[in-house]
Structure formats: structure tokens, C-alpha cells
Amino acid sequence: MNKTHNLHDKRLADAWATLQTHADSGLPLDPDPSRIAFADPEFLLRRETRGIRMQLELMKPDLEMRKHGIENTVVVFGSARFRSEEESRALIAQAEAAGDAPLVERLRKLARGSHYYEQARAFGKLVAEYSNDKEPEDKLFICTGGGPGIMQAANRGSYEGGGLNVGLAIALPMEEAANPYVTPALSFKFHYFAIRKMHFMMRAKALVAFPGGFGTMDELFEIITLVQTRKSKPVPIVLFGSDYWKQLVNFDFMVDEGVISPGDVNLFEYVDAPADAWDYIKKFYKL
């Protein structure tokens with residue numbers, strides 16, 4: 001006889017009802033030795049239970065992705081600040097109407113990157129359309145950080161191409177909700193950057209890095225380092241927007257200084273069009 005219980009069962013629901021009552025009343029959650037351990041946030045948020053929390057963050061998305069057949073992903077990074085061309089125009093017009101000159105200037109600078117939004121969107125659609133008629137083990141799924149900007153664009157393209165896509169969001173003050181194009185069942189939120197990074201790499205068959213800031217560079221260089229040190233199998237690493245990346249990082253200077261090997265610059269490829277990024281990945285795997 002099946003003895004599996006769920007949160008609708010009274011024995012578990014009672015524990016959660018107590019927590020909800022405290023939350024609704026704005027009351028502090030004081031320690032309570034009689035509270036069920038796994039329904040006790042005061043206990044789970046202790047320093048000593050950090051390992052359990054990290055294990056749960058690793059396990060929950062892993063189980064859900066397996067359930068939905070997500071085995072191979074194409075990870076897309078890029079600035080959260082770029083918007084679509086239409087939205088950029090609307091934001092500039094709104095700032096002009098408000099007479100906010102500094103904001104108008106900043107938005108106009110960001111608007112120069114709007115074409116990257118549209119290109120990430122087109123790339124996401126290419127990946128989804130390729131995978132739609134493939135066997136489960138041969139499908140590729142777009143995976144992003146789940147936020148706005150380039151992340152939204154790639155998820156949006158996948159959505160428009162009829163594919164499932166993954167969002168691995170991080171709990172940050174400026175990015176509380178996942179973008180609306182992430183497949184709801186595959187929209188995850190993390191507290192620990194380290195566990196989130198593991199999930200990016202666990203299924204990644206390629207990385208496409210669009211222009212971005214600190215977060216984009218963090219993820220890019222971590223993956224390059226994993227491949228360089230052979231901690232990870234070689235995967236296609238695409239730097240989208242050659243002018244941006246070549247101005248931002250002088251890899252040839254690093255070779256000249258001896259801090260990287262000449263062959264290390266072959267770990268990635270510069271591209272300037274969605275089709276070229278997709279062709280590079282297809283060529284790498286002989287798709």
C-alpha cells in the first residue's frame with residue numbers, strides 16, 4: 001500500500017499552517033523544539049544547517065529537470081540591463097517626458113545594446129526549432145539566469161520557437177522575479193551562487209556569452225577556467241559581439257605576458273550573428 005504523504009495530508013499541513021499564521025500576523029518565528037524539523041525555518045536557517053540547505057538547492061532543480069527530460073542545455077549569459085528595441089524607445093520617451101536628463105543619457109547608452117537583445121532572442125529560437133523534432137536524448141534546451149535583458153531574450157526566443165527552457169534565478173534585490181518566458185515548471189530560484197553555478201555546468205553542452213557586466217564575466221571566466229584546467233569536458237564557448245569582447249579583454253596581451261598559453265585563445269570563438277553562433281555549436285558536435 002502506498003504510504004507516500006504530501007502537503008495536503010493533515011499531519012504535514014498542520015506544521016505549515018502554524019508558519020503561515022505567524023507570517024500573516026507579522027509575528028517573529030521563535031524557536032520551538034516541538035515543531036517538525038523539516039517544517040521549521042528557524043532551524044533550517046541556522047548556520048549549522050547550511051550544508052542541508054545547499055544539498056536541497058542542488059537536489060530540487062536536478063529532480064525537476066530530470067522529470068522534464070532536460071539533459072542537454074545551451075547556456076546563455078549577458079547583461080540584464082539590455083532591453084528590446086521597442087521597450088528601450090518607450091523607456092527613453094518616458095524619461096524625456098519626466099525631464100530626467102541623467103536617466104535619458106543612461107538609457108540611450110543602454111539602447112545601443114538593444115540589438116543584442118534581438119539577436120539573443122533569434123538565437124534562442126534557433127535552438128528550440130532545431131530540438132522540436134529530435135529524440136529526447138538529442139534535444140538542446142536554452143538555459144539562462146532567468147532574469148531580464150539578454151536572459152529574457154534567449155528564454156523568449158526559445159518560447160517563441162515552441163521549446164521548453166530553463167531559468168536559474170538568484171535571489172537579488174534588483175531581480176526578484178524570473179522573466180515571463182521561462183517555462184514555469186523549470187523556473188528555479190537560488191540563494192547560493194555556488195550551487196547555481198553547478199547547475200549551469202551540469203548539463204551545459206555550450207555557452208554563449210553576450211555583452212554584459214561583472215556577472216557575465218564571472219560566469220564566462222569560470223567556465224573557461226574549468227575547460228582550461230580540464231575540470232570540465234571541452235564545450236563550445238561563444239563570445240557574441242566580437243568588437244565588445246575584444247575591447248573588453250585583451251587576450252593577446254595575456255598570451256604575450258605568459259599568463260595564459262597561446263592555445264588558450266582557441267577555447268572560445270567570436271561571432272556576430274545568431275546563425276554563426278548556432279553553426280559553431282552544430283559543427284563542434286557534428287549535428
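The structure this text deals with has already been given above.
Position labels on residues start from 1 in each chain and follow its written sequence. The model is predicted, so local features are restricted to residues of pLDDT at least 70 and side-chain atom pairs to those at 80 or more, both for listing and for counting; the totals for chains, interfaces and linings are taken over all residues. Note that the side-chain values use all heavy atoms of the structure and ignore hydrogens as well as water.

### Things to note about the nonpolar core
Here is the rule: Definition used in this section: a nonpolar core is a set of buried Ala, Val, Leu, Ile, Met, Phe, Trp, Tyr and Cys residues joined via side-chain atoms within 4.5 Å. When accessible area is computed with a 1.4 Å probe and restricted to protein chains, residues below 20% of their type maximum are described as buried, those above 50% as exposed, and intermediate ones as partly exposed. Secondary structure elements follow DSSP: runs of H or I of four or more residues count as helices, runs of E of two or more count as strands, with numbering from the N terminus. Working rule for contacts: check all heavy atoms of both residues, and any pair within 4.5 Å makes them a contact.
In this structure, Val166, Leu168, Leu220 and Ile237 are the most contacted members of the largest nonpolar core, which totals 30 residues. Contributions of two or more residues to this core are made by strand S1 (73-77), strand S2 (141-144), strand S3 (165-170), strand S4 (187-190), helix H8 (193-202), strand S5 (204-209), helix H9 (214-228) and strand S6 (237-240). A total of four residues in this core trace back to one element, the largest contributor, which is H9. Setting aside residues no more than four positions away along its own chain, Val166 makes contact with Met65, Ile70, Ile142, Cys143, Thr144, Asn155, Val182, Leu186 and Phe188. Within the second largest apolar cluster, 23 residues are counted, among which are Val127, Val208, Phe210 and Phe240.

### With respect to the packing of aromatic side chains
This is how the line gets drawn: Centres within 6.5 Å make a pair out of two Phe, Tyr or Trp rings, where for Trp the six-membered ring is used; the pair is then stacked when the planes are under 30 degrees apart, edge-to-face when over 60, and tilted otherwise. As a reminder, the over-ring test applies to NZ of lysine and CZ of arginine, requiring each to be within 6 Å of the ring centre and within 35 degrees of the ring normal.
Applying the stated criterion across every chain yields a total of 10 aromatic pairs. Relative to Trp278, the ring of Tyr130 lies with its centre 5.1 Å away and its plane at 65°, an arrangement referred to as edge-to-face. A residue pair is termed long-range when its members are at least 10 positions apart, and Tyr130 in helix H6 (residues 114-131) and Trp278 in helix H12 (residues 274-285) qualify at 148 residues. Pair check on accessibility: Tyr130 and Trp278 agree, each one buried. What links up through ring pairs into an aromatic cluster is the set Phe221, Phe251, Phe268 and Tyr270. For the cation-ring pair, Lys134 lies above Tyr130, with the distance from its terminal atom to the ring centre recorded as 4.2 Å. A cation sits over an aromatic face here: Lys246 above Tyr270, 4.8 Å from the ring centre.

### Details of the side chain of Thr216
With respect to the helices and strands, Thr216 occurs in helix H9. In this view, Thr216 contacts Phe77, Gly78, Ser79, Phe210 and Trp245; residues no more than four positions away in its chain are not counted.

### Focus: the environment of Arg203
Just so we agree on the cut-off: Polar contact is defined as a pair of N or O atoms within 3.5 Å, subject to the rule that within protein one atom must be able to donate a hydrogen and the other to accept it, and that residues adjacent in sequence are counted only when both atoms are side-chain atoms.
Along the chain, the position of Arg203 falls in the loop between H8 and S5. Here Arg203 falls in the buried class, since its relative accessible area comes to 6%. Sequence separation between Arg203 and Phe141 is 62 residues; the distance between their C-alpha atoms is 9.6 Å. Arg203 has contacts with Asp62, Met65, Arg66, Ile70, Glu71, Asn72 and Thr73, leaving out every residue within four places of it along the chain. There is a polar contact of 2.7 Å between the side chain of Arg203 and the backbone oxygen of Ile70.

### Remarks on the packing of H6 against H12
Using the following cut-off: For helices, the fitted line uses only the C-alpha atoms of the stretch in contact; every axis is such a line through C-alpha atoms, and the angle between N-to-C directions lies from 0 to 180 degrees. Orientation is classified from the angle alone, with under 35 degrees giving roughly parallel, over 145 giving roughly antiparallel, 65 to 115 giving roughly perpendicular, and any other angle giving oblique. Helix crossings fall into two classes, left-handed where the near helix is turned counterclockwise from the far one by less than a right angle and right-handed where it is turned clockwise. The classification used treats Ala, Val, Leu, Ile, Met, Phe, Trp, Tyr, Cys and Pro as nonpolar, Asp, Glu, Lys and Arg as charged, and all other residues, Gly among them, as polar.
Put simply, H6 and H12 touch, their axes get as near as 8 Å, and they point 40° apart. Taken together, the axes of H6 and H12 lie oblique to each other. In this structure, H6 crosses over H12, and the sense of that crossing is right-handed. Where H6 abuts H12, its residues Gln119, Ala122, Phe123, Leu126, Val127 and Tyr130 lie against Pro274, Ala275, Ala277, Trp278 and Ile281. For the contact of H6 with H12, a count of residues per class yields 10 nonpolar, one polar and no charged.

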